[in-house]
Amino acid sequence: MGLIVNPIAGIGGRVGLKGSDGLEVQQQARTLGAVPLSQERAATAMEVLHPMAAEFELLTAPGEMGETIARRCGFTPRVIPTPGLLAEIPLVTTAEDTRRAARAMLEADVDLILFAGGDGTSRDMYEAIGDDFPVLGIPAGVKIYSAVYAVNPRSAGELAAEFLRGVRIRLHKAEVLDLDEEIYRQSHIITRLYGYLKIPYRREIVQNQKVPTPASESAQAQAIAADVIERMKPGLAYLLCPGTTTRAVAERLGLPKTLVGVDIITRDELLAADVSERQILDVMEQRHLGLIVTPTGGQGFLLGRGNQQISPQVIRRVCREDMLVICLASKIAALQGRPLLVDSGDTEVDRLLAGYLPVISGYHETIIYKVEAPDLQSSEVR
Amino acid sequence: MKPINPKPSPRRYHQASWDEPVIFELNQPGQRGVLLPPVETGIEQEVGNPAQMLPDQLRRTVPPALPEMSQVHVLRHYDRISQENLGVDLNIDIGQGTCTMKYSPKINDQLAHTHKLTELHPLQDFSTVQGILEVMYRLEGMLKEISGMNRFSLQPGAGGAAIYANICMMRAYHASRGEGKQRDEVITTIFSHPSNAAAAKVAGYKVITLYPDSEGYPDLEALKAAVSERTASLLITNPEDTGIFNPKIAEFTRIVHEAGGICSYDQANANGILGITRAREAGFDLCHFNLHKTFSTPHGCGGPGAGASGVTEKLIPFLPVPTTEFDGQKYYLDYNRPKSIGKIRPFYGVTANILRSYAWIMSLGADGLREVAEIAVLNNNYLLKKVLEIRGVSAPYAKGKRRVEQVRYSWEQLTQETGVHSEEIEIRVTDFGMHYWTSHHPFVVPEPMTLEPTESYSKADLDEYVAVLNQISAEAYTNPEIIKTAPHNSTVHQTQQEPFDNPDEWAVTWRAYRRKTGKK
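Residues numbered from 1 in each chain as written. Chains lettered and ligands numbered in written order. Predicted model: local features only at pLDDT ≥ 70, side-chain atom pairs only at ≥ 80, totals over all residues.

**Structural notes on the overall build of chain B**
Item 1. On a plain count of helices and strands, chain B comes out with 15 helices and 11 strands.
Item 2. Radius of gyration (C-alpha) of chain B: 26 Å, near the 24 Å computed for a compact globule of 520 residues.
Item 3. In terms of its C-alpha atoms, chain B occupies a principal-axis envelope of roughly 85 × 70 × 55 Å.
Item 4. Burial analysis of chain B (520 residues in total) assigns 44% to the buried set.
Item 5. Across chain B, every contact between residues at least 6 apart in sequence was considered, and the portion connecting residues at least 24 apart equals 72%. (Helix = DSSP H or I, 4+ residues; strand = E, 2+ residues; numbered from the N terminus. Rg over C-alpha atoms; globule rule 2.2 N^0.38 Å. Buried ≥ 20, exposed ≤ 12 C-beta atoms within 10 Å, placed from the backbone. Contact = placed C-beta atoms within 7 Å.)

**Regarding the overall build of chain A**
Item 1. Summing up its helical and strand segments, chain A has 13 helices and 16 strands in all.
Item 2. The 382 residues of chain A split such that 51% are buried.
Item 3. A fraction of 67% describes how many contacts in chain A between residues 6 or more apart in sequence connect residues 24 or more apart.

**Considering the nonpolar core**
Item 1. Within the largest apolar cluster, 135 residues are counted, with the highest numbers of intra-cluster contacts made by Leu239(A), Ile292(A), Tyr369(A) and Met169(B).
Item 2. Ranked by the residues each element gives to this core, the list is headed by helix H10 (residues 351-387) of chain B, at 12 residues.
Item 3. Look past the residues within four positions of Met169(B) in its chain and what remains in contact with it is Leu286(B), Val311(B), Leu315(B), Phe318(B), Leu319(B) and Ile341(B). (Core = buried A, V, L, I, M, F, W, Y, C linked by C-beta atoms within 7 Å.)

**Focus: the interface of chain A and chain B**
Item 1. Taken together, the 25 residues of chain A in the interface contact 27 residues of chain B.
Item 2. For the side of chain A that touches chain B, the secondary structure elements donating two or more residues are helix H6 (153-165), helix H12 (329-334), strand E15 (355-362) and strand E16 (365-372) of chain A.
Item 3. Here the element with the most residues in the side of chain A that touches chain B is E16(A); it accounts for five residues.
Item 4. Class assignment of the residues belonging to the side of chain A that touches chain B gives a composition of 11 nonpolar, nine polar and five charged.
Item 5. In the sheet, E16(A) pairs with strand E3 (residues 206-210) of chain B via four bridges, with the strands oriented parallel. Residue pairing across strands places Thr366(A) opposite Ile208(B), the latter belonging to E3(B). (Nonpolar A, V, L, I, M, F, W, Y, C, P; charged D, E, K, R; others polar. Pairing = 2+ DSSP bridges.)

**Examining the sheet that holds strand E1 (residues 2-5) of chain A**
All names here are of chain A.
Item 1. As summarised here, the arrangement of the five strands in space is E3-E2-E1-E4-E5, forming an open sheet in which the pairing is parallel. Across the chains shown, the open sheet's two edge strands, defined by having one partner strand only, are strand E3 (78-79) and strand E5 (135-139).
Item 2. The pairing of strand E2 (residues 59-60) with E3 spans two bridges and is parallel. The residue of E3 that forms the bridge with threonine 60 is valine 79.
Item 3. Here helix H2 (residues 38-49) sits on the sheet and contacts E1, strand E4 (113-117) and E5; the angle it forms with E4, its principal contact strand, is near 145°.
Item 4. Sitting on the sheet, helix H5 (residues 119-129) is in contact with E4 and E5, with an inclination near 145° to E4. (Axes fitted to C-alpha atoms, helices over the stretch in contact; angles between N-to-C directions.)

**Quick word on the domain arrangement of chain A**
All names here are of chain A.
Item 1. One can read the domain layout of chain A as domain 1 (2-202) and domain 2 (217-372).
Item 2. With 15 residues of domain 1 at the interface, the matching set in domain 2 holds 14 residues.
Item 3. Of all the secondary-structure elements, those providing two or more residues to the side of domain 1 that touches domain 2 are strand E6 (169-179) and strand E7 (191-202).
Item 4. In terms of residue count, E7 provides more of the side of domain 1 that touches domain 2 than any other element does, five residues in total.
Item 5. Of the residues assigned to the side of domain 1 that touches domain 2, the class counts are eight nonpolar, four polar and three charged. (Domains from an automatic or database assignment.)

**Some points on the pairing of strand E10 (residues 407-410) of chain B**
All names here are of chain B.
Item 1. The side-chain alternation of E10 yields two buried faces, one formed by Val407 and Tyr409 and the other by Arg408 and Ser410.
Item 2. As judged from the four bridges shared by E10 and strand E11 (residues 448-451), these two strands associate in the antiparallel manner. Bridge pairing in E11 places serine 410 opposite proline 448.

**Points about the environment of Leu353(A)**
Item 1. Tracing the chain through its elements places Leu353(A) in helix H13 (residues 347-353).
Item 2. As a C-alpha pair, Leu353(A) and Val371(A) span 18 residues in sequence and 7.3 Å in three-dimensional space.

**Quick notes on the pairing of strand E13 (residues 323-326) of chain A**
Item 1. Pairing analysis gives three bridges linking strand E11 (residues 289-293) of chain A to E13(A), with the strands arranged parallel. Residue pairing in the sheet places Ile292(A) in a bridge with Leu324(A) of E13(A).

**Details of helix H15 (residues 510-517) of chain B**
Item 1. With respect to burial, H15(B) is a largely exposed element, only zero of its eight residues being buried.
Item 2. Where H15(B) terminates, the next one or two residues include Gly518(B), which has phi positive at roughly 75°.

**Notes on the domain arrangement of chain B**
Residues and elements named next belong to chain B.
Item 1. Per the domain assignment, the segments of chain B are domain 1 (111-362) and domain 2 (376-483).
Item 2. Here the C-alpha centroids of domain 1 and domain 2 sit 31 Å apart.
Item 3. Of the residues lining the interface, 14 residues belong to domain 1; the matching set on domain 2 comes to 16 residues.
Item 4. Within the side of domain 1 that touches domain 2, the residues separate by chemical class into six nonpolar, six polar and two charged.

**Considerations on the confidence of the model for chain A**
Residue and element names in this part refer to chain A.
Item 1. On average, chain A scores 85 in pLDDT, and the residues at 70 or more come to 82%.
Item 2. Low pLDDT (under 50) marks residues 205-213, which in the prediction has 14 contacts with non-local residues, meaning those over four places away or in another chain.
Item 3. Across residues 376-382 the pLDDT falls below 50, and counting only partners more than four positions away or on other chains, this stretch makes five contacts in the model. (pLDDT = per-residue confidence, 0-100.)

**Points about helix H5 (residues 130-147) of chain B**
Residues and elements named next belong to chain B.
Item 1. In this model H5 runs 26 Å from its N-terminal to its C-terminal C-alpha over 18 residues, within 8% of the 26 Å that 1.5 Å per residue would give.
Item 2. Those residues of H5 lying buried are Ile132, Leu133, Val135, Met136, Leu139, Glu140, Leu143, Ile146 and Ser147. The arc enclosing the buried residues of H5, seen along the axis, measures out at 155°, which places them on a common side.
Item 3. Residue glycine 148 follows H5 closely and has a positive phi angle near 85°. (Expected span 1.5 Å × (residues − 1). Arc of directions from axis to C-beta.)

**Overview of unusual backbone geometry**
Residue and element names in this part refer to chain B.
Item 1. Backbone torsion omega between valine 321 and proline 322 reads -5°, so that peptide bond is classified as cis.
Item 2. Tracing the sequence through the fold places proline 322 in the loop between strand E7 (307-311) and strand E8 (323-326).
Item 3. Omega for the peptide link from alanine 486 to proline 487 comes to 5°, which places this bond in the cis form.
Item 4. Locating proline 487 in the fold gives a position in the loop between helix H14 (480-484) and H15.
Item 5. Within the chain, aspartate 19 stands out as a residue other than glycine whose phi angle is a positive 50°.
Item 6. With respect to the element layout, aspartate 19 can be found in the segment before helix H1 (41-47).
Item 7. Classification of aspartate 19 by C-beta neighbours within 10 Å gives exposed; the count is 8.
Item 8. A positive phi angle, close to 75°, is found at tyrosine 397, a residue other than glycine.

**Brief notes about the environment of Pro339(A)**
Residues and elements named next belong to chain A.
Item 1. With respect to the helices and strands, proline 339 occurs in the loop between H12 and strand E14 (340-342).
Item 2. Overall, the presence of 20 C-beta atoms within 10 Å leaves proline 339 in the buried class.
Item 3. On a C-alpha basis, the gap between proline 339 and isoleucine 190 in space is 21 Å, while along the polypeptide they are 149 residues apart.
Item 4. Residues contacting proline 339, with those up to four places away along its chain left out, are Lys370, Val371 and Glu372.

Right, here's the structure in full:
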């Protein structure tokens with residue numbers, strides 16, 4: 001297993017800044033007395049793994065990027081040399097250091113990389129190693145909109161342990177979201193979907209055979225796709241938003257799907273790929289468009305995170321009955337009763353969407369679920 | 001003389017473990033269990049050789065591939081396997097929430113085994129089987145009184161079958177009014193039993209599932225968003241599997257009726273409301289009971305289950321055939337029902353269990369049934385209080401309110417603090433000779449545990465179960481490894497789950513096993 005800690009992740013949050021990227025921000029944070037969270041969070045996760053230390057080899061990045069915490073927790077890690085990293089000067093670690101470390105671990109053929117950081121770090125991981133290699137995030141950032149983290153540091157350690165033991169674990173792709181921080185700090189949120197990371201999740205065991213094993217996520221997604229395709233009106237084009245569940249729709253239709261963007265499709269063909277808001281509005285001058293959308297990220301946002309192309313102006317022009325919301329039943333359950341959220345950027349549009357929406361969760365199966373518009377002033381990221 | 005030391009609590013349980021092969025592997029060529037005497041010479045001279053009288057087309061060309069074994073070896077084999085099980089007769093089975101694991105009185109087994117029942121043939125003339133027909137008729141009368149419904153069918157083979165029969169009747173009802181195609185949606189809740197959604201899907205309906213509101217009640221506003229002119233029916237359990245009674249249940253049925261739908265009540269969780277509230281007053285058009293839950297007949301693994309489907313006046317024409325009738329003088333089965341959904345089960349239904357539940361109700365009477373409900377509710381709330389004193393557990397929703405006959409708990413706090421999960425507790429519980437259940441999927445309540453004590457367990461039994469949970473909770477905080485590496489005292493250690501997902505790695509019959517492995 002590999003361990004990468006972003007030593008500055010989370011440094012901005014406690015002192016009221018809205019992100020930690022950028023040297024200036026880091027210096028400002030330290031001036032305000034900020035202490036990075038990531039080391040402690042990583043330690044919590046590694047303590048859970050310590051009892052099985054003899055069962056696996058641990059590779060870390062040097063110094064405060066992993067080695068320090070690993071040793072503190074009683075491990076004897078193999079330290080990956082990452083050229084260009086000045087380990088003695090912790091303040092100077094950058095995104096490129098994270099990427100280099102990740103690539104080095106990939107080459108060293110680890111089975112799993114555990115990383116401590118926020119959305120910025122997640123993005124670095126994705127850029128370095130893509131979406132086909134097992135990783136898992138220890139949540140330790142200010143921004144944690146991505147769906148790539150365990151619920152908390154302890155849980156990250158447990159999931160990693162179970163993955164290494166080969167017990168009860170499946171893998172799936174989870175969204176990597178990040179804010180454009182300059183725009184964020186001016187209180188106008190733009191969240192982009194950057195890509196996906198492959199993360200382990202716990203497969204729920206059923207010891208008594210009172211119910212059969214729940215269907216795998218890909219089987220669920222296929223069922224949802226079959227239902228969506230049945231509902232798609234012939235001749236009507238739909239905005240197909242990003243997500244693994246929406247991708248199943250494209251796959252089932254035999255159409256290509258942009259990884260992180262919005263496509264316009266009919267049942268028969270791809271009309272336009274990776275469209276911007278402007279392009280969507282231009283098309284809407286000529287024809288009606290439907291919308292196929294799924295919650296993106298780990299915070300239950302249906303709109304406003306990772307699908308910023310679907311702006312309020314676009315939403316206003318979609319007929320309610322042509323708006324198809326899709327989501328795995330397991331993801332709905334994972335919300336633990338919290339509503340789905342819409343934060344389109346226009347509170348009036350948000351209010352139009354708020355209430356109860358039918359969410360397609362299988363073939364001929366829908367869930368009526370609560371949708372709310374968070375109060376932007378008081379919204380807190382978990 | 002030395003005094004006997006008191007037994008420790010929890011008990012030092014250990015399950016038998018015989019590592020017994022499959023019976024086909026115990027084949028000893030030449031061994032026989034029973035030696036049949038040959039036909040006496042005089043008889044053979046008179047009648048001929050009976051073996052020659054078999055029609056040719058019924059003769060086997062190859063002998064059956066049964067293992068050759070002596071009697072004592074057969075006896076030992078099955079006794080050993082039976083020792084490796086846990087069941088209601090062995091353990092304090094309150095851990096199987098929603099199943100209502102009450103005691104199945106053995107006197108009812110004796111009644112069901114009487115030759116007066118076992119030697120009946122279902123094709124006998126009605127005039128020769130008046131006894132069992134009378135039992136069926138009277139049981140129907142009792143269920144009518146308990147639920148307020150107008151008629152019952154005792155044909156369904158179990159709860160899921162009864163739900164499916166209800167859906168078929170509702171479908172026939174809408175079709176008879178020309179609304180069959182229009183009404184293609186069924187509404188249910190996530191905390192109702194999943195067989196409601198499953199049966200609706202099998203019947204071809206689109207299923208809409210409501211999630212609970214923040215207090216854990218079925219969400220009335222969500223229902224309003226779900227009903228339309230496409231609504232065929234509402235299928236709902238109440239109290240739901242959380243043990244919470246929906247105080248607005250009559251409002252639910254009213255809203256569905258206004259939209260032209262009809263409502264079926266899954267009464268699997270009837271044990272806490274017998275004699276207290278009825279399906280009719282809640283506005284339901286149909287209901288079903290599980291005779292093997294509420295009415296004490298053994299559950300599927302102890303003998304077949306049995307279901308009962310109840311309907312109000314307007315659905316009577318659609319009942320499955322045959323119904324049991326009395327013309328003032330004799331009982332008979334009525335097959336002449338042109339609008340019936342048809343025959344849903346061979347012959348009479350599960351007669352042995354119809355008899356057992358009839359006997360059970362007769363032994364209690366109306367007052368006794370009410371007492372069953374009250375004790376079940378009391379036991380459950382006593383258990384609730386005791387369980388909530390255990391570190392790390394909570395009872396989510398309906399804060400400050402009691403529950404009816406079961407509770408869905410959450411170990412989330414314990415999991416956060418110790419990393420031990422509910423499914424791991426589930427396995428560790430078997431080290432104490434007990435059973436435990438989490439929840440249906442998906443786990444809406446995190447780290448769930450669902451317990452239903454019923455009226456059959458004493459305070460000492462409940463205390464014993466609580467002591468086990470308490471011990472495991474303490475272990476989670478001090479020695480979680482013992483939980484994570486459980487079971488330690490069971491028949492087998494941890495099994496791999498993945499092979500159960502792969503048809504190349506399992507076989508349900510010996511024949512299938514031979515075929516898949518290419519073995520002879």
